[in-house]
Amino acid sequence: MSIEYTGINKETVAGEINNFLKSCTEDTIFKMVINSKRGSINIKIKHARKNRIKKLFGKLRRKKSDT
C-alpha cells in the first residue's frame, strides 16, 4: 500500500511516521532508504521470521544438492 502526500509540513510527516512505527510490533525490522537528491525517504518492513525460514530452506536445498 502506498500513500502519497504533497505540500505537507514537517509536523504532518513526523506524525505519519510516528503512527506507522506505533502500528508495528517491537521485533519488526525495517529497511530505510533516504535519497537526498530527490528529497525522499522510503521505509519498508522486512519480515525477519520469513527471511530466517527462507535461509533455512536454502541451506537444506544446498545440502540435498551436494549429496
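This report concerns the structure included in the present document. (Residues numbered from 1 in each chain as written. Predicted model: local features only at pLDDT ≥ 70, side-chain atom pairs only at ≥ 80, totals over all residues. Heavy atoms only, no water.)

### Notes on the overall build of the protein
Rule in force here: Numbering goes from the N terminus for both helices and strands, where a helix is a DSSP run of H or I of at least four residues and a strand is a run of E of at least two. Each residue is assigned to one of three classes by its accessible area relative to the maximum for its type, calculated with a 1.4 Å probe on protein chains only: buried under 20%, partly exposed between the two thresholds, exposed over 50%. Under the convention used here, a 1.4 Å probe and the Shrake-Rupley method define accessible areas, while residue burial counts only the protein chains that appear.
For the protein, the count of helices and strands is two helices and two strands. Seen in sequence order, the protein has helices and strands lined up from the N terminus as α-β-β-α. By residue count, 6% of the 67 residues in the protein fall in the buried class. On the protein, roughly 6,700 Å² of surface is accessible, and the fraction owed to carbon and sulfur atoms is 54%.

### Observations concerning the environment of C24
Heads up, the rule is: The criterion used for residue contact is that any of the two residues' heavy atoms lie within 4.5 Å.
One can find C24 in the loop between α1 (10–22) and β1 (29–35). By relative accessible area, which is 14% here, C24 ends up buried. As a C-alpha pair, C24 and I45 span 21 residues in sequence and 8.9 Å in three-dimensional space. Excluding residues that lie within four positions of it along the chain, C24 makes contacts with F30 and I45.

### Some points on the environment of S40
Note that S40 resides in strand β2 (residues 40–46). Setting aside its immediate chain neighbours within four residues, S40 contacts V33, I34 and N35.

### Description of a nonpolar patch on the surface
Cut-off, in case you're wondering: Residues enter patches when their relative accessible area tops 30% and they take part in no salt bridge; the joining distance is 9 Å for like charges and 5 Å for the nonpolar side chains Val, Leu, Ile, Met, Phe, Trp and Tyr. Any Lys or Arg side-chain nitrogen found within 4 Å of a carboxyl oxygen on Asp or Glu counts as a salt bridge.
Side chains of Y5, I8 and V13 sit close together on the surface and give an oily, nonpolar patch of about 240 Å² of accessible area. Residue placement: I8 occurs in the segment before α1. Note on I8: relative accessible area 36%, which makes it partly exposed.

In short, shape yes, function no, at least from these values alone.
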